[in-house]
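Report on the structure
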Protein chains: 2
Amino acid sequence: MLDLRPVGYVIGLLVACLGLTMLAPLISDLTVNNGHWPVFLEASVITVFSGGLTALSCRNGVTEGLSIRQTFLLTTLVWLALPFFGSIPFVIGATNLSFTNAFFEAMSGLTTTGATVIGGIEALPEGLKLWRGILQWLGGIGIIVMAMVFLPELKVGGMQVFRSEAFETMGKILPRATEIASRISVIYVGLTLTCALAYSATGMNSFDAMVHAMTTVSTGGMANTDSSFGIYSAGAHYVACVFMVLAALPFVRYVQIITGSAKPLFRDPQVRAFLATIGIIVCVLSVFLFETFHGYNEIAFREALFNVVSIMTGTGYSSADYMQWGPFAAVLFFLVGLIGGCAGSTACSIKIFRYQLLFASIKTQIKRIHTPHGVFTPRFDGRPVGQDVLNSVMAFFVAFIVTMGLITVALGLTGLDFITSVSGAATALANIGPGLGDEIGPAGNFQGLNDAAKWILSIAMLVGRLEVLSVFTLLTWYFWRS
Amino acid sequence: MLDLRPVGYVIGLLVACLGLTMLAPLISDLTVNNGHWPVFLEASVITVFSGGLTALSCRNGVTEGLSIRQTFLLTTLVWLALPFFGSIPFVIGATNLSFTNAFFEAMSGLTTTGATVIGGIEALPEGLKLWRGILQWLGGIGIIVMAMVFLPELKVGGMQVFRSEAFETMGKILPRATEIASRISVIYVGLTLTCALAYSATGMNSFDAMVHAMTTVSTGGMANTDSSFGIYSAGAHYVACVFMVLAALPFVRYVQIITGSAKPLFRDPQVRAFLATIGIIVCVLSVFLFETFHGYNEIAFREALFNVVSIMTGTGYSSADYMQWGPFAAVLFFLVGLIGGCAGSTACSIKIFRYQLLFASIKTQIKRIHTPHGVFTPRFDGRPVGQDVLNSVMAFFVAFIVTMGLITVALGLTGLDFITSVSGAATALANIGPGLGDEIGPAGNFQGLNDAAKWILSIAMLVGRLEVLSVFTLLTWYFWRS
Ligand SMILES: [K+]
Ligand SMILES: [K+]
């Protein structure tokens, strides 16, 4: 039998911590004196109390390590428990959402998807705006830790490629997670503060600058306005681009920069491929916009840059309703969203290193055609890639595409139209945020969807954020047999 | 240096044969005395002459075998040369098509895609209707031979799984191709005649029965009316379903039935999975149609059955404009088209055995989570599957999905809308026929698309029919270096 107590203990602690972070929006509401603070007091008490009790009741089962199966269970259950408690302020607060909507919003926040069911965000109490930012910010650091510690251990989606990185000799999984989290936190906090200062410098007010910094470095994409980044200045757009890109690079490289060497960052094949891909796509789209709409000017280039960076990093801000740019742009944004950023960052989707590994494998196979008995091994970052890694990546890719298909069908069955079903499945599974079409496109939101669709999308966000197979594994007979 | 003469010799012979088959529509036009026969005489003379000259000029380089690289080149060049000459009757005949349209139509025919740029098909001279049928019929047998002989040899797309089948001991590639082609031809002709008789029995006139039998057993899907199968009787629909399914099963099983055993057919895991999948999807769609439109009646069941079988086998006939059935049906048909039939048949798309192999690999990986040091091997048909096969299948899947994405972008760039771009790329690459939306959906055709889109789709049909990587291999530096 699987001992669930260590899992319950960690989840309890994390839920309690989430409850403590609710004090931040409480303070924020108190500061502006909008009378909304009791919401966060109540939510905080419930959450700290529930989390604390769970941790206490599981305390006597805690050992130093977690088994692989316990780790699997932990990753999925954490990402179910946190949105559950994170949704409380949306239910009892000024948004007055149904549980379905609130859970969707919290899941969208914590998975750094950024899709929203709230209209009229400008008019929300400060605490709720901040809470959305905090959910995304916590989700972001959670993802990095998960990508650096848990997923390589679970060998899910080929993340074990990154196993022999900076932290490999750091011992058992939970102490290592704590150690990595603290080192990464310094960088994450530093990036967030720098980003907030930069936004302020462009003329954004300090509250918006802070919240947007949180949703930028987490590539979350929730904004304090219904029109996302459309109302902000050119400066803010460029600042956002810089920090969205920084947030989509592997955070282990920043640890290395701090400890003395920037070389690994510039030599990282993921980073190079990621920047090159963004560059090419921005050029193509800029030329397209120059030709069709704006003439040769800065606005067209900036809109191409901002929106491509936003979608490819999986942030999901928008500066314009690119559905107005015609079908080519729509198709392009759809596919750019399926590329994604670098592993070990807050970015999501299929991710560039998987394409690199898959293409390396295809290249090897083509070489074998010419020299059938030659020995060729796919390489990544100069090192040969093991077959188990390729198999994992392949499994991820297939599972991702097939899941996207099934979610599309399920959404279609709830009555959504073709473009909403297809792009909704993609944007949720890839944790991007906006979809395509009038309803869930950059100018719309997810408010008007039916409840069934919202639950399907919530599950899709979870599945996508946990690299698909770590969730599906829990649903197999193999996992549970003793 | 690659010796191109053996390749030229085979292509020349095949082109000359194509020229000879043009005598069939010539006879057809003469019989009904519509004055259109000189078109086919002219086309036939040009084609036989060109093919014969090519073969003759390459004759002194012919050896008994073909190298792997020559085989690669042969498969792609054959499927370029035949549509080129096959398009002549559409240019000089009553259709009076531009070369772009004629090449699209011939490529669509020979790749058994069945997408058409011709409106008013009912009014065409008999010869041209027959010629469309013949192109599909020849394409169908060509595909089976290619899938049974060439692709396993080239190790493209995991087809080498089927290498140790009935014909493995038959020696060198060209004699083997001839031997297999002759054995399969008997079955293919038999199926076609039976199908034609069955259509006649449902009240279809003998000419339509013959042409539709040709486009049914090749899972081609070109019909003699603009409204596809909509005008025919319920009986014709059921007959079509039976023969579409038969045409999508592995033809090697029919060879085994003739030589005495039907067991291999019923034990084939591909066949079981294929039939089970069709069954489930037909049930789901039937219930959906019962609930939303028709009530519990035979028509709703038949429309679900006919159109699902048509799309999943890649035939592409339609009995109704299923775009009217709402977004769920559209999404479902889109994804059903990406499943496909069995390998070694005339069916196309990703094919059911690849999903079986990929899922077997994922299952193995999940088992390893529970028992990390256990030895698990993915199995297919009871036998362990080699890693090279899995790598090939993975390469195919990735190449297929990425190519579909790139074609979608290219189509978007030519100005097609989202649903036309996405479904057009899928339907061409998977060789199905109809797409989605008003323009290229079951009620439309490809006539109104711009020329650039038609060329992109023609290339997509070719690439899809040749299992993607056998074409891409030709575009690499590795292939051409000496
Ligand atoms: K996002
Ligand atoms: K077809």
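Note that the coordinates shown come from a computational prediction; the quantities given were computed from them, not determined experimentally.

**Brief notes about the environment of B:Gln136**
All names here are of chain B. Secondary-structure assignment places Gln136 in helix H7 (residues 126-154). For Gln136 and Thr292, which are 156 residues apart along the polypeptide, the C-alpha to C-alpha distance reads 36 Å. Dropping the residues within four chain positions of it, Gln136 is found in contact with Ser108, Gly109, Thr112, Thr113, Gly114, Tyr188, Thr215, Ser218, Gly220, Gly221 and Met222.

**Looking at the interface of chain A and chain B**
The interface is formed by 52 residues belonging to chain A together with 51 residues belonging to chain B. Counting each side, the surface lost to burial between chain A and chain B is near 4,600 Å², with a carbon and sulfur contribution of 81%. Run the count over chain A and chain B and you get zero salt bridges. At the boundary of chain A with chain B, the tally comes to four residue pairs in polar contact (both at pLDDT 80 or more). Where the side of chain A that touches chain B is concerned, the elements lending two or more residues are helix H4 (68-86), helix H15 (327-336), helix H16 (352-370), helix H17 (387-413), helix H18 (418-429) and helix H22 (477-480) of chain A. When residues in the side of chain A that touches chain B are grouped by element, the largest group, 15 residues, is from H17(A). Of the residues in the side of chain A that touches chain B, the class split is 32 nonpolar, 15 polar and five charged.

**Topic: the relation of the copies chain A and chain B**
Mapping chain A onto chain B is achieved by rotating through 180° and translating by 0.0 Å along the same axis, at an RMSD of 0.0 Å. Each copy turns onto its partner about a two-fold axis. Distance from the rotation axis, computed per C-alpha, reaches its smallest value in chain A at A:Met394: 3.1 Å.

**Focus: the packing of aromatic side chains**
In total, this model carries 47 aromatic pairs over all chains according to the counting rule given. Plain terms: the ring middles of A:Phe99 and A:Phe103 are 5.8 Å apart, the flat faces sit at 45° to each other, and that makes the pair tilted. You can see A:Phe99 and its partner A:Phe103 sitting in helix H6 (residues 99-110), four residues apart, about one turn around the helix. For the pair B:Tyr322 and B:Phe333, a centre-to-centre distance of 4.0 Å together with 25° between the ring planes defines the contact as stacked. Of this pair, B:Tyr322 sits in the loop between helix H14 (298-312) and helix H15 (327-336) while B:Phe333 sits in helix H15; the two residues are eleven residues apart in sequence, bridging distant segments of the chain.

**Let's talk about empty space enclosed by the protein**
Residue and element names in this part refer to chain B. Inspection of the entire model under this criterion finds seven cavities of 30 Å³ or more. Lining the second largest cavity are 13 residues, with Phe333, Phe334, Thr427, Ile432 and Pro434 positioned closest to its centre. For the lining of the second largest cavity, the secondary-structure elements that each account for two or more residues are H15 and helix H18 (418-429). The greatest single-element share of the lining of the second largest cavity, amounting to three residues, is contributed by H18. Each residue belonging to the lining of the second largest cavity can be placed in one class, and the counts come to nine nonpolar, four polar and no charged.

**Let's talk about the state of the cysteines**
One pass over the structure, following the stated rule, counts zero disulfides over all chains. Note on A:Cys241: no disulfide assigned, nearest cysteine sulfur contributed by A:Cys195 at a separation of 11 Å. Using a relative accessible area of 7% as the deciding quantity, one classes A:Cys241 as buried. Distance from the sulfur of B:Cys342, which forms no disulfide, to the nearest cysteine sulfur (B:Cys348) is 12 Å. Taking relative accessible area as the criterion, B:Cys342 reaches 0% and is therefore assigned buried.

**Some points on helix H6 (residues 99-110) of chain B**
All names here are of chain B. With twelve residues, H6 should reach 16 Å at 1.5 Å per residue; the first-to-last C-alpha distance of 16 Å fits that figure. The buried count for H6 comes to eleven of twelve residues, which makes it a mostly enclosed element. For H6, every residue scored as buried is listed here: Thr100, Asn101, Ala102, Phe103, Phe104, Glu105, Ala106, Met107, Ser108, Gly109 and Leu110. Considering only its buried residues, H6 is in contact with helix H4 (68-86), helix H5 (88-92), H7 and helix H20 (451-465). Of the residues flanking the end of H6, it is Thr112, one or two places downstream, whose phi is positive at about 55°.

**Let's talk about the UniProt feature "binding site: K(+)" (unreviewed entry) in chain A**
All names here are of chain A. Those residues carrying the UniProt feature "binding site: K(+)" (unreviewed entry) are Thr112, Thr113, Gly220, Thr315 and Asn431 in this numbering. The largest pairwise C-alpha distance within this set of annotated residues, which runs over 320 residues, is 8.3 Å, so the set is compact in three dimensions. Structurally, Gly220 can be placed in the loop between helix H9 (206-217) and helix H10 (234-247). Gly220 has contacts with Thr112, Thr113, Gly114, Gln136, Thr215, Thr315 and Ile432, leaving out every residue within four places of it along the chain. Locating Asn431 in the fold gives a position in the loop between H18 and helix H19 (437-440). Here Asn431 falls in the buried class, since its relative accessible area comes to 0%.

**Section: the coordination of the potassium ion (ligand 2)**
All names here are of chain B. Surrounding the potassium ion (ligand 2) are the protein donor atoms Thr112 (O), Thr113 (O), Thr219 (O), Gly220 (O), Gly314 (O), Thr315 (O), Asn431 (O) and Ile432 (O), which sit 2.3 to 3.0 Å from the metal. As a motif over one chain, the donors of the potassium ion (ligand 2) read T-T-x105-T-G-x93-G-T-x115-N-I. Within this pair, whereas Gly220 is found in the loop between helix H9 (206-217) and helix H10 (234-247), its partner Asn431 is found in the loop between H18 and helix H19 (437-440), the two being separated by 211 residues in sequence. Residue Gly220 is classed as buried on the basis of its relative accessible area of 0%.

**Let's talk about the packing of H6(A) against helix H20 (residues 451-465) of chain A**
All names here are of chain A. Between H6 and H20, the shortest axis-to-axis distance is 9 Å and the interhelical angle comes to 25°. With respect to H20, the axis of H6 lies roughly parallel. Judged by the sense of rotation from one axis to the other, the crossing of H6 with H20 is left-handed. Of the residues in H20, those touching H6 at Phe99, Thr100, Asn101, Phe103, Phe104, Met107 and Ser108 are Asp451, Lys454, Trp455, Leu457, Ser458, Met461 and Leu462.

**Regarding the coordination of the potassium ion (ligand 1)**
All names here are of chain A. Here the potassium ion (ligand 1) is held by Thr112 (O), Thr113 (O), Thr219 (O), Gly220 (O), Gly314 (O), Thr315 (O), Asn431 (O) and Ile432 (O), and the distances to it run 2.3 to 3.0 Å. Considered as a linear motif, the donors of the potassium ion (ligand 1) on their single chain read T-T-x105-T-G-x93-G-T-x115-N-I. One end of the pair, Thr112, is in the loop between H6 and helix H7 (126-154); the other, Thr315, is in the loop between helix H14 (298-312) and H15, with 203 residues separating them in the sequence. The burial state of Thr112 is the same as that of Thr315; both residues are buried.

Analysis parameters
- Residues numbered from 1 in each chain as written.
- Chains lettered and ligands numbered in written order.
- Predicted model: local features only at pLDDT ≥ 70, side-chain atom pairs only at ≥ 80, totals over all residues.
- Heavy atoms only, no water.
- Helix = DSSP H or I, 4+ residues; strand = E, 2+ residues; numbered from the N terminus.
- Contact = heavy atoms within 4.5 Å.
- Buried area = accessible area lost by both parts, 1.4 Å probe.
- Salt bridge = Lys/Arg side-chain N within 4 Å of Asp/Glu carboxyl O.
- Polar contact = N/O pair within 3.5 Å; in protein donor to acceptor, adjacent residues only side chain to side chain.
- Nonpolar A, V, L, I, M, F, W, Y, C, P; charged D, E, K, R; others polar.
- Least-squares fit on C-alpha atoms with pLDDT ≥ 70 in both.
- Phe/Tyr/Trp six-rings, centres within 6.5 Å; stacked < 30°, edge-to-face > 60°.
- 1 Å grid on protein atoms, 1.4 Å probe; cavity = no way out; pocket = protein on both sides within 12 Å on 5 of 7 lines; lining within 4 Å.
- Points joined across faces, edges and corners; volume = space filled by probe spheres on them.
- Disulfide = S-S within 2.5 Å.
- Buried < 20%, exposed > 50% of the residue type's maximum accessible area, 1.4 Å probe, protein only.
- Expected span 1.5 Å × (residues − 1).
- UniProt positions renumbered as here; feature names shortened; annotations may be inferred.
- Donors = N, O, S within 2.8 Å, 3.2 Å for Na, K, Ca; no water.
- Axes fitted to C-alpha atoms, helices over the stretch in contact; angles between N-to-C directions.
- Parallel < 35°, antiparallel > 145°, perpendicular 65-115°, else oblique.
- Left-handed = near helix turned anticlockwise from the far one by under 90°.

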